[in-house]
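# Structure at a glance
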Amino acid sequence: MFGWVAGFFTYETTKSVVVKSWSVGIINRVAQLLIIIYFVGWVFIHEKAYQVRDTGIESAVMTKVKGFGFLNDSLMDVADYVMPTQGASVFCIITTMVVTDNQTQRTCPESDKKFNCSTDHDCEKFLSSNLASGKITGKCITEANRCEILGWCPAEDESQRLIPMNEVENFTIFIKNSIRFPLFNVTRGNMGAKSNLSCVYDPVKNSDCPIFRVVDVLKWAGEDINNISRNGGEIGINIAWMCNLDQHVDNCKPKYTFTRLDSAFKDSPITSGYNFRFAKYYKSEDGKDFRTLFKAFAIRFDILVSGNAGKFHLIPTVINVVAACTSVGLATVLCDIILLNFLKGAKQYKAKKFEEVSDTVRSPSLDLHQGSQLTIKREEKSSVDSGAYSIGH
């Protein structure tokens with residue numbers, strides 16, 4: 001116990017040992033240089049670690065689509081092909097539709113070939129199925145060789161030949177985006193001072209314009225207009241606000257990128273593209289309800305906004321400067337590992353680097369007469385600058 005207590009209350013101090021070795025010296029300087037380059041190049045210049053950052057962006061998005069096209073021999077305007085109509089950050093442009101007119105609630109044969117039948121027994125196995133246009137009754141309509149359903153009839157027929165609305169490529173999307181960084185109380189918008197409603201976005205020539213052609217958006221997302229018009233799909237328009245507020249606030253501008261969000265499923269035989277159904281309801285003169293059912297294939301656009309703003313602050317600057325200065329000392333740790341374990345003079349280096357000094361000091365007069373260890377230490381200290389030992393290679 002006494003030995004443990006005595007060992008616990010000991011003090012270690014640094015001792016300088018000069019090692020005259022070209023290899024170790026080069027390793028030391030190269031390691032220090034790499035650490036300095038890392039902190040200066042990556043931490044301070046690239047990552048701007050001297051800044052305090054705000055990623056809690058507040059954002060509002062409003063959209064408008066413009067254009068006319070023909071679908072199923074009918075002229076379509078924005079009210080016909082854009083869903084929903086509120087101009088939100090998520091909207092769809094319908095490119096083709098399966099239309100089933102004058103549906104009323106009654107019984108009729110299912111149109112899907114999966115429900116072929118010759119007897120009622122063939123239909124009873126579908127009683128719990130949710131794949132039909134209505135509720136399967138379990139009866140077989142022999143005249144049509146189809147199972148009977150109870151629902152909105154006639155049933156939707158998806159075997160129709162679909163002709164996409166080709167004019168969709170020339171439609172334009174107006175995106176109005178305003179953001180705020182609450183930490184710095186900075187508010188910005190995606191429309192430049194010289195922007196007007198007759199411009200078209202170009203990443204090089206007109207990057208401040210908030211109006212995008214559909215065909216350009218699809219091209220930048222790497223998609224073919226003909227394929228996505230037939231089957232539908234999901235396109236993401238990413239607006240990134242990466243702002244350095246140490247510069248003038250006018251330099252805080254958005255950067256647009258475009259991507260196919262459902263790319264993992266676009267070649268799937270089970271679920272590919274994007275479609276949805278909606279209906280328009282009517283009432284006849286005799287008070288009977290009927291409807292027109294639409295199965296719409298559409299391009300869905302998602303406006304995704306992200307932001308990251310930074311500004312100089314003393315606290316992160318001091319913390320990272322201290323971390324840089326401390327990390328330079330890692331080069332010494334690396335060189336010590338090499339010297340203590342891999343060089344031929346490792347034992348000599350250990351003897352010079354580590355020394356135990358007792359708290360009992362012997363008499364100087366006695367040491368001088370007997371050639372004691374204290375005398376040797378005085379001679380060594382007088383022959384070397386600043387009390388540092390030098391070890392030759």
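Residues numbered from 1 in each chain as written. Predicted model: local features only at pLDDT ≥ 70, side-chain atom pairs only at ≥ 80, totals over all residues. Heavy atoms only, no water.

### As for the pairing of strand β16 (residues 289-312)
- Taken together, the four bridges between strand β2 (residues 51-54) and β16 define a ladder with antiparallel strand orientation. Bridge assignment links Arg53 to a residue of β16, and that residue is Gly310.
- The pairing of strand β7 (residues 90-109) with β16 spans 11 bridges and is antiparallel. Across the sheet, the residue bridging to Phe91 is Phe301, located in β16.
- Pairing of strand β13 (residues 233-244) with β16 involves 12 bridges; the strand directions are parallel. (Pairing = 2+ DSSP bridges. Helix = DSSP H or I, 4+ residues; strand = E, 2+ residues; numbered from the N terminus.)

### Things to note about unusual backbone geometry
- Geometrically, the link from Met83 to Pro84 is a cis peptide bond, its omega value of -15° lying close to zero.
- Positionally, Pro84 belongs in the loop between β6 (82-83) and β7.
- Here Cys153 and Pro154 are connected by a cis peptide whose omega angle stands at 5°.
- Tracing the backbone shows Pro154 in the loop between β9 (146-153) and β10 (172-181).

### Points about the side chain of Ser327
- Structurally, Ser327 is set in helix α7 (residues 314-328).
- Since its relative accessible area comes to 17%, Ser327 is described here as buried.
- Sequence-distant contacts of Ser327, defined by excluding residues within four places in its chain, comprise Ile35 and Phe39. (Buried < 20%, exposed > 50% of the residue type's maximum accessible area, 1.4 Å probe, protein only. Contact = heavy atoms within 4.5 Å.)

### Thoughts on α7
- Helix length check: α7 (15 residues) gives 21 Å between terminal C-alpha atoms against 21 Å at 1.5 Å per residue, within 8%.
- Burial in α7 covers these residues: Pro316, Thr317, Asn320, Ala324 and Ser327. What you see down the axis of α7 is that its buried residues fit within an arc of 100°, all on one side. Those residues of α7 that are exposed and angled more than 90 degrees off the buried face are Leu314, Ile315, Ile319, Cys325 and Thr326. (Expected span 1.5 Å × (residues − 1). Arc of directions from axis to C-beta.)

### Description of the packing of aromatic side chains
- In the structure shown here, the tally under the stated rule is 18 aromatic pairs.
- Consider the rings of Phe91 and Phe301, whose centres lie 5.4 Å apart with planes at 20°: the pair is stacked. Of this pair, Phe91 sits in strand β7 while Phe301 sits in strand β16; the two residues are 210 residues apart in sequence, bridging distant segments of the chain.
- A relative accessible area of 2% places Phe91 in the buried class.
- A relative accessible area of 0% places Phe301 in the buried class. (Phe/Tyr/Trp six-rings, centres within 6.5 Å; stacked < 30°, edge-to-face > 60°.)

### Details of the nonpolar core
- Within the largest apolar cluster, 51 residues are counted, with the highest numbers of intra-cluster contacts made by Tyr81, Ile93, Phe181 and Phe301.
- If one sorts the elements of this core by residue count, β16 sits on top with seven residues.
- Filtering out sequence-adjacent residues up to four positions away, Tyr81 remains in contact with Val65, Lys66, Gly67, Phe68, Met76, Cys92, Ile93, Ile94, Met165 and Phe171.
- In this structure, Cys108, Cys117, Ala132 and Ile136 belong to the second largest nonpolar core, which totals 12 residues. (Core = buried A, V, L, I, M, F, W, Y, C linked by side-chain atoms within 4.5 Å.)

### What about the pattern of salt bridges?
- Counted under the stated rule, the structure contains 12 salt bridges.
- For Arg260, the salt bridge goes to Glu223, with nearest N and O atoms at 2.8 Å. On the criterion of sequence distance, the pair formed by Arg260 in strand β14 (residues 254-260) and Glu223 in the loop between α5 (214-220) and α6 (225-231) is long-range, its members being 37 residues apart. Considered together, Arg260 and Glu223 belong to a single accessibility category, that of buried residues.
- Between Asp289 and Lys283 there is a salt bridge whose closest N-O contact spans 2.8 Å.
- Classification of Asp289 by relative accessible area gives partly exposed; the value is 42%. (Salt bridge = Lys/Arg side-chain N within 4 Å of Asp/Glu carboxyl O.)

### Regarding the environment of Asp302
- By the element assignment, Asp302 lies in strand β16.
- Every residue in contact with Asp302, bar those within four places of it in the chain, is listed here: Ser89, Val90, Ile235, Gly236, Ile237 and Leu261.

### A look at the packing of helix α2 (residues 22-46) against helix α8 (residues 330-341)
- Contact geometry of α2 with α8 gives a least axis separation of 8 Å together with a crossing angle of 150°. Comparing the axis directions of α2 and α8 gives the class roughly antiparallel. Between α2 and α8 the crossing geometry is right-handed. When α2 is examined against α8, the residues Val24, Ile27, Asn28, Ala31, Gln32 and Ile35 are found in contact with a partner set consisting of Leu330, Ala331, Thr332, Leu334, Cys335, Ile338 and Leu339.
- Across the contact of α2 with α8, the residue classes break down as 10 nonpolar, three polar and no charged. (Axes fitted to C-alpha atoms, helices over the stretch in contact; angles between N-to-C directions. Parallel < 35°, antiparallel > 145°, perpendicular 65-115°, else oblique. Left-handed = near helix turned anticlockwise from the far one by under 90°. Nonpolar A, V, L, I, M, F, W, Y, C, P; charged D, E, K, R; others polar.)

### Quick notes on the environment of Ile136
- Counting through the fold element by element, Ile136 comes out in strand β8 (residues 135-141).
- Ile136 gets classed as buried once you look at its relative accessible area, which sits at 3%.
- For the pair Ile136 and Thr107, spaced 29 residues apart in sequence, the C-alpha separation works out to 9.5 Å.
- With sequence-adjacent residues up to four places away left out, Ile136 is seen in contact with Phe115, Cys123, Phe126, Leu127, Cys147, Glu148 and Ile149.

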